[in-house]
Amino acid sequence: MGIAKIGRGLAACATGLTMGLPASAAVIYQTDFQSGVGSEWSHTITQNAPTPYDFGPRTFLGEFGNETITLSLADLGWHSGIQLDFDLYLIRSWDGSSGGAALYDYGNDIFKVATSGGLTLLEATFSNGNPAGQTFGPAANNPAYTGAAESYSLGYVFDDGILGISQVMDSVYRFSFNFTHGDSLLAFDFSGIGLQGLEDESWGLDNVRVSLLGGQSAAIPNPSVLPLLGAGLIGMLWARRNRSPS
Ligand SMILES: [Ca+2]
Ligand SMILES: [Ca+2]
């Protein structure tokens, strides 16, 4: 079983775990950026991925480098929790945890998501092939593309000026986070950190959805538990894979 296949399996698992909305959830915001960007976003540049959908352009918010992109929402109705779902597009040569590596020192390349309340939902390195690996995944260090829902699907070509290699290099991750929240205002900061420039590595967002959760605050997973839950699933799959004859 190749790494890419494992990644798709993990994504399916994560989807089954978190993508469904609780009965009391209400979607209060969603966009696929196919027809413009609202003023709730700090940045409004969009782009079509080189590889379109079967039905038309695959438009997303981006591309960005070492920037923080903010989604600001106001006048939220009564709620006791929030669910954030989004797709992260990682474009070209993300170098994961390569900072300080002898041969592959072009990182660390980090993606972070935090709320205006100071809660960090995600902060991890990601690799689109750099052998140094990435922190996103079940272990302290994981192979490139671990947990990705898609790879090589967007059609971005990376030209390696040193080795003369030119190849498609990109990945898509689907994330879902639940956390306790009750204020009427909410903002999310999405940040790229440690990147080398748009021609080298960049990112974008797509299919962003925010839902209010209510009436079941005790059932909402603590944000610090969700990654552990995901890591546990990934670890189980990893163990199963390692037990299987290859
Ligand atoms: Ca889109
Ligand atoms: Ca880099």
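Calculation notes
- Residues numbered from 1 in each chain as written.
- Chains lettered and ligands numbered in written order.
- Predicted model: local features only at pLDDT ≥ 70, side-chain atom pairs only at ≥ 80, totals over all residues.
- Heavy atoms only, no water.
- Helix = DSSP H or I, 4+ residues; strand = E, 2+ residues; numbered from the N terminus.
- Buried < 20%, exposed > 50% of the residue type's maximum accessible area, 1.4 Å probe, protein only.
- Donors = N, O, S within 2.8 Å, 3.2 Å for Na, K, Ca; no water.
- Patch = residues over 30% accessible without salt bridge, like charges linked within 9 Å, V, L, I, M, F, W, Y side chains within 5 Å.
- Areas by Shrake-Rupley, 256 points an atom, 1.4 Å probe, with all protein chains shown as cover.
- Salt bridge = Lys/Arg side-chain N within 4 Å of Asp/Glu carboxyl O.
- 1 Å grid on protein atoms, 1.4 Å probe; cavity = no way out; pocket = protein on both sides within 12 Å on 5 of 7 lines; lining within 4 Å.
- Points joined across faces, edges and corners; volume = space filled by probe spheres on them.
- Nonpolar A, V, L, I, M, F, W, Y, C, P; charged D, E, K, R; others polar.
- Polar contact = N/O pair within 3.5 Å; in protein donor to acceptor, adjacent residues only side chain to side chain.
- Contact = heavy atoms within 4.5 Å.
- Phe/Tyr/Trp six-rings, centres within 6.5 Å; stacked < 30°, edge-to-face > 60°.
- pLDDT = per-residue confidence, 0-100.

A. Quick look at the overall build of the protein chain. The helix and strand inventory of the protein chain stands at two helices and 13 strands. Sorting the 246 residues of the protein chain into buried and exposed places 46% on the buried side.

B. Fine view of the coordination of the calcium ion (ligand 1). Only Asp-32 (O), Gln-34 (OE1), Thr-59 (O), Asp-206 (OD) and Asp-206 (OD) from the protein coordinate the calcium ion (ligand 1), and they sit 2.0 to 2.6 Å from it. Sequence positions of the donors to the calcium ion (ligand 1) reduce to the motif D-x1-Q-x24-T-x146-D. Of this pair, Gln-34 sits in the loop between β1 (26-31) and β2 (46-48) while Thr-59 sits in strand β3 (residues 59-64), and the two are 25 residues apart along the sequence. Assessed through its relative accessible area of 30%, Gln-34 is described here as partly exposed.

C. Quick peek at a nonpolar patch on the surface. Among the surface-exposed residues, Leu-103, Tyr-104, Tyr-106, Ile-162, Leu-163 and Ile-165 lie close enough to one another that they form a single nonpolar patch of about 660 Å² accessible area. Judged by its relative accessible area of 61%, Leu-163 is exposed.

D. Representation of the layout of surface pockets within the structure. Considering only enclosed or pocket space, the second largest pocket measures out at about 470 Å³ in volume. Lining the second largest pocket are 21 residues, with Asp-95, Tyr-106, Phe-158, Asp-160 and Leu-163 sitting closest to its centre. Class assignment of the residues belonging to the lining of the second largest pocket gives a composition of ten nonpolar, seven polar and four charged.

E. Representation of the coordination of the calcium ion (ligand 2) within the structure. Distances from the calcium ion (ligand 2) to its protein donors, namely Asp-95 (OD), Tyr-106 (O), Asp-109 (OD), Asp-109 (OD), Gln-196 (OE1), Glu-201 (OE) and Glu-201 (OE), fall within the range 2.2 to 2.8 Å. All donors to the calcium ion (ligand 2) come from one chain, and their sequence spacing reads D-x10-Y-x2-D-x86-Q-x4-E. Remark: Tyr-106 occurs in the loop between β5 (81-92) and β6 (110-115) and Asp-95 occurs in the loop between β5 and β6; sequence separation between them is eleven residues. Using a relative accessible area of 6% as the deciding quantity, one classes Asp-95 as buried. Look at Tyr-106 and you get partly exposed, because its relative accessible area is 38%.

F. Just the side chain of Ser-171, in detail. Within the secondary structure, Ser-171 is located in strand β11 (residues 170-180). Here the side chain of Ser-171 touches Asn-128 through a polar contact of 2.8 Å, side chain to side chain. Apart from the residues within four sequence positions on either side, Ser-171 is in contact with Leu-88, Tyr-89, Leu-90, Asn-128, Tyr-145, Ala-148, Glu-150, Ser-151 and Leu-154.

G. Looking closely at the environment of Ser-35. By the secondary structure assignment, Ser-35 is in the loop between β1 and β2. The spatial distance from the C-alpha of Ser-35 to the C-alpha of Phe-60 is 9.8 Å, given a sequence separation of 25 residues.

H. Local environment of the packing of aromatic side chains. For the structure shown, the criterion picks out 19 aromatic pairs. Where Phe-111 meets Trp-203, the ring centres are 4.9 Å apart and the plane angle is 70°; that geometry is what we call edge-to-face. Note that Phe-111 is positioned in strand β6 and Trp-203 in strand β13 (residues 201-213), a separation of 92 residues in sequence. When sorted by exposure, Phe-111 lands in the same class as Trp-203, which is buried. With 6.1 Å between their ring centres and 85° between their planes, Phe-179 and Phe-188 make a pair best called edge-to-face.

I. Looking closely at the side chain of Glu-201. Note on placement: Glu-201 falls in strand β13. There is a polar contact of 2.7 Å between the side chain of Glu-201 and the backbone nitrogen of Gln-196. Apart from the residues lying within four places of it in its own chain, the contact partners of Glu-201 are Ile-91, Arg-92, Ser-93, Trp-94, Asp-95, Tyr-106, Asp-109, Gly-194, Leu-195 and Gln-196.

J. Molecular detail of the environment of Ile-82. Assignment of secondary structure puts Ile-82 in strand β5. With relative accessibility at 0%, the residue Ile-82 sits in the buried group. Along the backbone, Ile-82 and Val-27 are 55 residues apart, and their C-alpha atoms lie at a distance of 9.7 Å.

K. Focus on the confidence of the model for the protein chain. Across the protein chain, the average pLDDT comes to 84, with 78% of residues at 70 or higher. Note that pLDDT drops below 50 for residues 1-18; the model gives that stretch 30 contacts with residues more than four away or on any other chain. Below pLDDT 50 for its whole length, residues 216-246 participates in 35 contacts with residues either more than four positions away or in separate chains.

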